[in-house]
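# Observations on the model geometry
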Amino acid sequence: MEYNFREIEANWRAFWARNKTFAAKDHSDLPKYYVLDMFPYPSGAGLHVGHPLGYIASDIFSRYKRAQGYNVLHPMGYDSFGLPAEQYAIQTGQHPRITTKENIARYRDQLDKIGFSFDWDREVRTSSPDYYKWTQWIFKQLFNSYYDGNQDKAVAISELIAEFEANGNANVNATTDFDETFSAADWKSYSEKEKETHLQEYRLAFLADSWVNWCPALGTVLANDEIVNGKSERGNHPVEQKLMRQWSMRIKAYAERLLTGLDTVDWADSIKDIQRNWIGKSIGASVQFAADKSDKVIEVFTTRPDTIFGVSFMVLAPEHPFVNELTTDEYKTEVENYKINASLKSERDRQADVKNISGQFTGSYATHPFSGEKVQIWIGDYVLASYGTGAVMAVPCGDQRDWDFATHFGIEIINIFDGVDISEAAYTEKEGTIAHSDFLTGLPVKKAIKLAIHEIETRGIGKGKTNYRLRDAVFSRQRYWGEPFPVYYKNDIPYLVDDADLPVTLPEVDKYLPTEEGEPPLARATKEAWGENFQGDRMDYNTMPGWAGSSWYFLRYMDPNNENEFVSKEKVDYWQNVDLYIGGSEHGTGHLLYSRFWTKFLFDLGYLPFDEPFKKMINQGMILGRSSFVYRVEGTNQFVTNSKKSAFTTTPFHVDISLVENDILNIEAFKNSREEYANAEFIGEENGDYICGSEVEKMSKSKYNVQTPDELVEKYGADTLRMYEMFLGPLEQSKPWDTQGISGVHNFLRKVWRLVHDRDGNIIVAEGEPTKDALKTLHKTIKKVGDDLDRFSFNTGVSNFMICVNELTEQKCTNKSIIEQLVILLSSYAPHICEELWVKLGHEAGTVGTQLFPAFNEAHLVEANHKYPVSFNGKMRFMLELPTDLSKEDIEKEVLAHEVSLKWLEGGSPKKVIVIPGKIVNIVH
RNA sequence: GCGGAUGUGGUGAAAUUGGUAGACACGCUAGACUUAGGAUCUAGUGCCGCGAGGUGUGUGGGUUCGAGUCCCUCCAUCCGCACCA
């Protein structure tokens, strides 16, 4: 009887589902282990072979941890709010809820076929009202909190209000962009609206007019990381800058903790660096320059306060709020023109225009705070409004951009570096000695920085300051298919919906498009559609971005059905944070940063006992697709084969890879695939074949290169797919998908089957004492498989099983105890076949996964002899088998007496003999 | 420009601590068994050479008895950030 994987796998999948074999226990004396996958967005294209790569690895690891005696939490769910379902709704009118439900059903079906040990009773869906009720609740906590700099944590906004009532904001140390002061009396005199406006300056979730990336084609705001090369990541539409009233998250408050927290987690350096880079900490000072003929004081940020005597002009961003007031009548027209030009340029154009130096003098001067000299104030678009203070003190001798600017406009360049030539370029090294700089003269750079900051603070013209590149995150989207805000407005003041009235469910609308006035789709919802949720004058029309739901989903798995809390204290105390997180590195500056932010926030409020969500993370590489192309000759309906295409002007088209085999196009199938191809003609090879071109690129529906796991499961079985995906190479490496080697893995599983069965399907295992060889093979495998799992080397794990089975087959091993242990070892990789064999070996159904991982016994590996490779000058010449316990001296004697040694020494004597017992012998001659 | 990663046979790759480079698999070559099965088995397969042997882990150098592994130089590819003051 052959290995009938179809029947076996279907039976065991049903068994696991029926018996809830993989349910995690919330109360257990066992140590816990939490293995998490990044949950998928259920797209219409279904799972492709890249999705399961990480899921297979995490599943193998989960099963391994269970075999080590852990109570393992290994859940799965869906990140089910998102744009594609909404766009489908716009095109077809089908409610995104229905599309999403259908897609989830398809995903679930595909996932089930691969035999994952997920605890499906814990499934979460971010678009389910039971779930987003708590996303809304967390938003409310953020709205009701501010960041207190003294305690260095988030604190209830009620405490801030109490302080305002008692003392105004003079003594408040909080994260805010608000720099005015008000007294307690002022506060009490404010109207409710004014009070709220001020509170918005402190809340961690707040409303603000912010420049946003507006995508007209999608009718929505995009986050920076949703834009690729100035176009929307989804759909590749143009993006422009627009000022809009938006919800934002004061993530800046957590910049320092997000940075230092990275030192406490076990993540790849590359992804830590991406986050460090994104947070962009720079240490320096803020310095004030008073403008003459105006009461304005321009504040700049600099990392080089030591170069302050090199300042010969100042530059403000064109959007800087002081520009109009600083511009003299003489320069009004030029400045106005410059500002208009700058605003017309998108951020992308401004970046592309780096080489072009542009700027405009305002006619005003500022006073140098130390020398008292007048320096010109310019505007220039190389200064960004959104970084630092939107203004710089220009030091052309020490900054290349300032140098270029000064050179271009003929502004004075003061050299304050001792013995450095700056005639060709600025000197940007952070070392050397400062000159011509009053009290800083003669000091090395590092000391000068310290002294300069000290002096700036003493004179009250600025202070030491740390700046972050990280910007507050815009938190609203003008979309339908997302979490509604638990917010209503009365007299334009935002109010929160009571906890008792959550969730604010998504109302029905007639269309999923913005209104004619440009309001978001939710503005279409009638009062009746909002139902009992409707309060005040109107509800908030925005929805939350995709990262809202995914920022805390790992917590909900611990307690998915809790109606009273987002997660109970008891459960989060037991499960703690995620021990192993597997997912792609493309979320480095999005999801992974935001979930760290929310975790720290919930920790501050006392809801969580930890402040980092993911202790260890592995980033699986992307599985790339291999696309096929046909080449249409310009202006005709002729297609030319790859090798002849250079003779024509052609346009390449993606062709569905199911119509291509070994690069040869199935011409008939191609003609039938689309009406426009029905009459296509072909310029083929000599034998008539049409050879397609190919390219390795990201797997995507639009490139017609998607390989689904389903057909492979059908053809070879889930166990083969699982092992093959692992066997492809290191988990973290990106690799093109290729099914060339899958038969090798499939044959391996058949060999395993034949180890237990004869040709007729009879069980051939026998009781009794195993041979020494079999024990050696087994224990070598136990050691290697265990070690490989501990270091997430799943590909070499598969090789070890192949070597083991090859050796046992060679040894004609039928020993039951050996085979039983092998089955337990293998069950994390190939669970279906192992469950089947386990029962055939006489055990209770469904228990192979609960067996403890076999214990390694080194005694079985001990050998009486060791085969020494003998090298001459480092080149291996021959092998010599010697007793393991032979002394160094005896080994040397034996080796030198060997006839091959005599030949290589050519009668001479060795200069040196290196003997490493148990390893090698090297002879230097 | 800054930061990170990766370069090993025809292919995917292995070599965890400096110790036989290419395990394991695909592919290929030859053969066996079979009336054909995407079956199984045997032998071979880095490159050059009939052979002895030489040579070989992106380049060039260094440390070492010994380097894919450590150090320096350069090159290529990929990823992230980018006028960040």
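From a predicted model like this one, the values you see are computed outputs, not experimental measurements. (Residues numbered from 1 in each chain as written. Chains lettered and ligands numbered in written order. Predicted model: local features only at pLDDT ≥ 70, side-chain atom pairs only at ≥ 80, totals over all residues. Heavy atoms only, no water.)

### Digging into the overall build of chain A
Here is the rule we go by: Each helix corresponds to a stretch of at least 4 residues labelled H or I by DSSP, and each strand to a stretch of at least 2 residues labelled E; elements are numbered beginning at the N terminus. Accessible area is worked out with a 1.4 Å probe on protein chains only. A residue is then buried under 20% of its type maximum, exposed over 50%, and partly exposed in between. The Shrake-Rupley method, run with a 1.4 Å probe, gives the accessible areas here. Residue values count only the displayed protein chains as cover. Counted as positive: Lys and Arg. Counted as negative: Asp and Glu. His and the chain ends are not counted at all. Lysine's charge is taken at NZ, arginine's at CZ, aspartate's at CG and glutamate's at CD.
Helix and strand counts for chain A stand at 30 helices and 34 strands. Based on the C-alpha atoms only, the size of chain A along its principal axes is roughly 100 × 85 × 70 Å. Classification of the 925 residues of chain A by burial places 51% in the buried group. Working note: accessible area of chain A is about 42200 Å², and carbon and sulfur atoms make up 47% of it. Separation of charge centres in chain A, based on 101 positive and 135 negative side chains, amounts to 3 Å.

### What about the pattern of salt bridges?
Convention followed: Salt bridges are counted wherever a side-chain nitrogen of Lys or Arg sits within 4 Å of a carboxyl oxygen of Asp or Glu.
Taken as a whole and judged by the stated rule, the model has 42 salt bridges. Residue Arg-401 pairs with Asp-399 through a salt bridge whose shortest N-O separation is 2.6 Å. Among the charged side chains, a salt-bridge network with shared partners connects Asp-26, Asp-119, Arg-122, Asp-559 and Lys-571.

### Observations concerning the protein's contact with RNA strand B
The line we're drawing: Definition of nearness: a residue and a molecule or strand are near each other if at least one heavy atom of the residue lies within 4 Å of the molecule or strand. Distance and chemistry together define a polar contact, namely a pair of N or O atoms within 3.5 Å, with one atom able to donate a hydrogen and the other to accept it when in protein, and with adjacent residues in sequence counting only for side-chain atoms on both sides. Three classes are used, and their members are as follows: Ala, Val, Leu, Ile, Met, Phe, Trp, Tyr, Cys and Pro are nonpolar, Asp, Glu, Lys and Arg are charged, and the others, Gly among them, are polar.
Residues in close proximity to RNA strand B total 52 residues, the closest being Thr-303, Tyr-387, Arg-401, Leu-728 and Gln-733. The side chain of Ser-799 places a nitrogen or oxygen atom 3.4 Å from a base nitrogen of RNA strand B. Asn-922 places a side-chain nitrogen or oxygen 2.8 Å from a base oxygen of RNA strand B. Here the surface near RNA strand B gets 6 residues from one element, more than from any other, and that element is helix H26 (residues 794-810). For the surface near RNA strand B, a count of residues per class yields 21 nonpolar, 16 polar and 15 charged.

### Description of the sheet that holds strand E20 (residues 538-539)
By way of backbone hydrogen bonds, the strands of a sheet pair with one another, either parallel or antiparallel. What counts here: Paired strands, in this sense, are two strands between which DSSP finds at least two bridges.
Reading across the sheet, the 3 strands line up as E19-E18-E20 and stay open at both edges, with antiparallel pairing between neighbours. Unpaired on one side and paired on the other, strand E19 (493-496) and E20 mark the two borders of the sheet. Bridge analysis of strand E18 (residues 487-490) against E20 gives 2 bridges, and the strand direction is antiparallel. Each bridged residue has a counterpart across the sheet, and for Tyr-488 the counterpart in E20 is Met-539.

### Looking at helix H24 (residues 742-756)
Short version of the rule: Here the expected span of a helix is defined as 1.5 Å times the quantity of residues minus one. When we speak of the arc, we mean the arc of directions from the helix axis to the C-beta atoms. In what follows, a contact means two residues having at least one pair of non-hydrogen atoms within 4.5 Å.
Taking 1.5 Å of rise per residue, 15 residues should cover 21 Å, and H24 covers 22 Å from first to last C-alpha, within 8% of that figure. Among the residues of H24, Ile-742, Val-745, His-746, Phe-748, Leu-749, Val-752, Trp-753, Leu-755 and Val-756 are the ones counted as buried. Buried residues in H24, looked at end-on, bunch into an arc of 170°, giving them a common side. Of the surrounding elements, those touching the buried residues of H24 are helix H1 (5-19), helix H22 (709-716), helix H23 (718-727), H26, helix H27 (816-826) and helix H28 (831-840).

### Observations regarding the sheet that holds strand E21 (residues 580-583)
Quick reminder of the rule: In this description, a line fitted to the C-alpha atoms serves as the axis of each element, helices being fitted only across the stretch in contact, and the angle between N-to-C directions of two axes falls anywhere from 0 to 180 degrees.
Taken together, 4 strands build an open sheet; the order of strands is E2-E1-E21-E22 and the sheet is parallel. Bordering the open sheet on either side are strand E2 (71-73) and strand E22 (617-619), each of which pairs with just one other strand. Between one strand axis and the next, the sheet turns through 15° on average, direction left out of account. Taken together, the 3 bridges between strand E1 (residues 32-37) and E21 define a ladder with parallel strand orientation. Residue pairing for E21: Leu-36 is matched across the bridge by Tyr-581.

### Notes on unusual backbone geometry
With an omega of 0°, the peptide bond running from Leu-502 to Pro-503 counts as cis. Despite not being glycine, Asn-491 has its phi angle at roughly 50°, a positive value. Even without being a glycine, Asp-492 presents a positive backbone phi close to 65°. With respect to the helices and strands, the residue Asp-492 is situated in the loop between E18 and E19. Overall, Asp-492 belongs to the exposed group, its relative accessible area being 56%.

### A look at H1
Relative to the 21 Å expected for 15 residues at 1.5 Å per residue, H1 spans 21 Å between its end C-alpha atoms, a close match to the ideal helical length. Those residues of H1 not exposed but buried are Phe-5, Ile-8, Glu-9, Trp-12, Phe-15 and Trp-16. Seen from one end, H1 has its buried residues packed into an arc of 130°, which puts them on one side. Away from its buried face by more than 90 degrees, H1 exposes Ala-17 and Arg-18. Turning to H1, the residues buried within the fold contact helix H2 (51-67), H22, H23, H24 and H28.

### What about the packing of aromatic side chains?
How we decide: Pairing of aromatic side chains here covers Phe, Tyr and the six-membered ring of Trp, requires ring centres within 6.5 Å, and sorts the geometry by plane angle: under 30 degrees stacked, over 60 edge-to-face, intermediate tilted. A ring has a charge above it when a Lys NZ or an Arg CZ is no more than 6 Å from the ring centre and no more than 35 degrees off the ring normal.
Taken as a whole and assessed by the stated rule, the structure comprises 72 aromatic pairs. If you follow Lys-783 out to its NZ or CZ, it ends over the ring of Phe-856, 5.8 Å from the centre.

### Structural notes on a negative patch on the surface
Just so we agree on the cut-off: In this analysis, a patch consists of residues with relative accessible area above 30% that form no salt bridge, clustered at 9 Å for like charges and at 5 Å for the nonpolar side chains Val, Leu, Ile, Met, Phe, Trp and Tyr.
Side chains of Asp-177, Asp-179, Glu-180 and Glu-299 sit close together on the surface and give a patch of like negative charge. Within the fold, Asp-179 resides in the loop between helix H6 (157-167) and helix H7 (184-189). A residue is classified by how much of its surface remains accessible, and Asp-179, at 69% relative accessible area, is exposed.

### Let's talk about the confidence of the model for chain A
Using the following cut-off: The predictor's confidence in any single residue is recorded as pLDDT, a number from 0 to 100.
When pLDDT is averaged along chain A, the result is 89; 97% of the residues meet or exceed 70. Reported for the predicted complex are a pTM of 0.91 and an ipTM of 0.93.

### Points about the side chain of Ser-828
By the element assignment, Ser-828 lies in the loop between H27 and H28. In this structure Ser-828 touches Ile-60, Arg-63, Tyr-64 and Arg-722, once residues within four positions along its chain are discounted.

### With respect to the packing of H26 against H27
Put simply, the test is: Here the angle decides the label: under 35 degrees means roughly parallel, over 145 means roughly antiparallel, 65 to 115 means roughly perpendicular, and every other value means oblique. It is the rotation of the near helix from the far one that decides the hand of a crossing: anticlockwise by less than a right angle makes it left-handed, clockwise makes it right-handed.
Orientation of H26 relative to H27, taken along the N-to-C sense of each, is 165°, at an axis distance of 12 Å. The angle between H26 and H27 falls in the class roughly antiparallel. Crossing hand, H26 versus H27: left-handed. Touching Phe-801, Cys-804, Val-805 and Leu-808 of H26 are Ile-818, Leu-822, Leu-825 and Leu-826, all from H27. Its residues assigned to classes, the contact of H26 with H27 comprises 8 nonpolar, no polar and no charged.

### Regarding the packing of helix H5 (residues 129-143) against helix H20 (residues 591-604)
Put simply, H5 and H20 touch, their axes get as near as 11 Å, and they point 65° apart. Relative to H20, the element H5 lies roughly perpendicular. Where H5 crosses over H20, the two elements pack in a sense that is left-handed. Two secondary-structure elements touch here, H5 through Thr-135, Ile-138, Gln-141 and Leu-142 and H20 through Phe-597, Trp-598, Phe-601 and Leu-602. Here the contact of H5 with H20 is composed, by residue class, of 6 nonpolar, 2 polar and no charged.

### Description of empty space enclosed by the protein
Convention followed: The pocket and cavity definitions rest on a 1 Å grid over protein atoms only: a 1.4 Å probe that fits but cannot leave marks a cavity, an open set with protein on both sides within 12 Å along at least five of seven lines marks a pocket, and residues lining either have an atom within 4 Å of a point. Grid points are joined across faces, edges and corners, and a volume is the space filled by probe spheres set on the points.
This model, assessed by the stated rule, comprises 1 cavity of 30 Å³ or more. Space inside the largest cavity adds up to approximately 30 Å³. For the largest cavity, the full set of lining residues is Leu-53, Glu-725, Met-726, Gly-729, Pro-730, Leu-731, Lys-735, Phe-794 and Asn-795. Looking at the lining of the largest cavity, the elements with two or more residues in it are H23 and H26. Along the lines of polarity and charge, the residues of the lining of the largest cavity split into 5 nonpolar, 2 polar and 2 charged.

### A short note on the pairing of strand E14 (residues 374-379)
In the sheet, strand E12 (residues 313-316) pairs with E14 via 4 bridges, with the strands oriented parallel. Pairing of Met-314 across the sheet is with Ile-377, part of E14. Linkage of strand E13 (residues 360-367) to E14, two consecutive antiparallel strands, is achieved through a turn of 6 residues, within which Gly-372 is found at a positive phi near 75°.

### Notes on the environment of Ile-683
Its place among the elements puts Ile-683 in strand E28 (residues 681-683). It is 4.6 Å that separates the C-alpha atoms of Ile-683 and Val-640, two residues lying 43 residues apart in sequence. When neighbours within four sequence positions are excluded, Ile-683 is seen to be in contact with Gln-638, Phe-639, Val-640, Thr-641, Lys-644, Phe-648 and Tyr-690.

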